[in-house]
Amino acid sequence: DHPALHAACKGARSFLPIFIFDPRLHHVPTLAGARKSSARRARFLLESVACLRKRLEDKGSGLALVVGSLDEVLPRICGGCDRLYLTKGVSTEEIHEEQVVAQSLPRAVMQTVVGNRLYMPDECGCVPDKAPLLFTNFKDRAESRGRIRDPLPEPERLPPLPELLDQGSC
């Protein structure tokens, strides 16, 4: 149920899913002063990534796990990639990360795909630019006029991982 995954696999000869763990993003204080990731949250993240890797391997692919920042890791791992597929960000942090990806790989075609939402922006029962400010009003409109899509089917097989090139790019 991941539109960017489906878009990336469509007609692809190879496919390299990447998870970048940037420690700087997890040891950051929130506005209230607490750390953004507690030990429990970090454990949940690690278990979720391990599960994702296993599921991708079961489908004929894999998952590259890398520690570092986007701007350091992407040129090293994906410098030779011609296409990138990302889920379109919504939050300020996600939109900033999209910009960092685009700047780090200027020669690659970057396609952002809307997904991973309960309601798609144009199907939530109101025009996104004129959504009610109060959550209850938005919820009422979404429930009465909105449409929740059925999940995308799980691919039976995924394209294989790319063969590594001498430069270490995909």
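Residues numbered from 1 in each chain as written. Predicted model: local features only at pLDDT ≥ 70, side-chain atom pairs only at ≥ 80, totals over all residues. Heavy atoms only, no water.

Asker: Go over the nonpolar core, please, and point to the residues and values.
Answerer: Counting residues in hydrophobic clusters, the biggest one holds 11 residues: Ile20, Val66, Val73, Leu74, Ile77, Cys78, Cys81, Leu84, Val101, Leu105 and Ala108. Counting residues per element, this core draws most heavily on helix α4 (residues 70-78), at 4 residues. Counting residues in hydrophobic clusters, the runner-up holds 8 residues, among them Leu5, Ala8, Val49 and Leu56. (Core = buried A, V, L, I, M, F, W, Y, C linked by side-chain atoms within 4.5 Å. Buried < 20%, exposed > 50% of the residue type's maximum accessible area, 1.4 Å probe, protein only. Helix = DSSP H or I, 4+ residues; strand = E, 2+ residues; numbered from the N terminus.)

Asker: Tell me about the side chain of serine 61, residues and numbers included.
Answerer: Along the polypeptide, serine 61 turns up in the loop between α3 (39-58) and β2 (64-67). Leaving out residues up to four positions away in the same chain, serine 61 has contacts with Phe15, Pro17, Leu56, Leu158, Pro159 and Leu161. (Contact = heavy atoms within 4.5 Å.)

Asker: Which residues make up the side chain of lysine 59, and what are the values?
Answerer: Assignment of secondary structure puts lysine 59 in the loop between α3 and β2. One polar contact links the side chain of lysine 59 to the main-chain carbonyl oxygen of proline 155, over a distance of 2.9 Å. Once you skip the residues sitting within four places of it in the chain, lysine 59 turns out to touch Glu154, Pro155, Glu156, Arg157 and Leu158. (Polar contact = N/O pair within 3.5 Å; in protein donor to acceptor, adjacent residues only side chain to side chain.)

Asker: I'd like a description of α3, backed by residues and values.
Answerer: Here α3 spans 29 Å end to end across 20 residues, near enough to the 28 Å set by a 1.5 Å rise per residue. Glycine 60 occupies a position one or two residues after α3 and carries a positive phi of about 95°. (Expected span 1.5 Å × (residues − 1).)

Asker: Go over α4, please, and point to the residues and values.
Answerer: Inspection of α4 places Val73, Leu74, Ile77 and Cys78 among the buried residues, and these make up the whole buried set. Projection of α4 onto a plane perpendicular to its axis shows the buried side chains occupying an angular sector of 95°, all on one side. (Arc of directions from axis to C-beta.)

Asker: Summarise the packing of α4 against helix α5 (residues 92-104); cite the residues concerned and give the values.
Answerer: In contact at an axis separation of 9 Å, α4 and α5 are set at 40° when each is read in the N-to-C sense. Here α4 lies oblique to α5, going by the angle between them. Seen from above, α4 lies across α5 with right-handed handedness. Within the contact between the two elements, α4 uses Leu70, Asp71, Leu74 and Pro75 and α5 uses Glu97, Val100, Val101 and Ser104. Across the contact of α4 with α5, the residue classes break down as 5 nonpolar, 1 polar and 2 charged. (Axes fitted to C-alpha atoms, helices over the stretch in contact; angles between N-to-C directions. Parallel < 35°, antiparallel > 145°, perpendicular 65-115°, else oblique. Left-handed = near helix turned anticlockwise from the far one by under 90°. Nonpolar A, V, L, I, M, F, W, Y, C, P; charged D, E, K, R; others polar.)

Asker: Requested: an account of the pattern of salt bridges, with residues and values cited.
Answerer: Scanning the entire structure with this criterion turns up 8 salt bridges. As a salt-bridge pair, arginine 24 and aspartate 22 come within 2.9 Å of each other at their nearest N and O atoms. With a closest N to O distance of 3.8 Å, glutamate 57 and arginine 53 form a salt bridge. Residue glutamate 57 and its partner arginine 53 are located together in helix α3, separated by 4 residues, close to a single helical turn. Here the salt bridges do not stand alone but share partners, grouping Arg55, Lys59 and Glu154 into one network. (Salt bridge = Lys/Arg side-chain N within 4 Å of Asp/Glu carboxyl O.)

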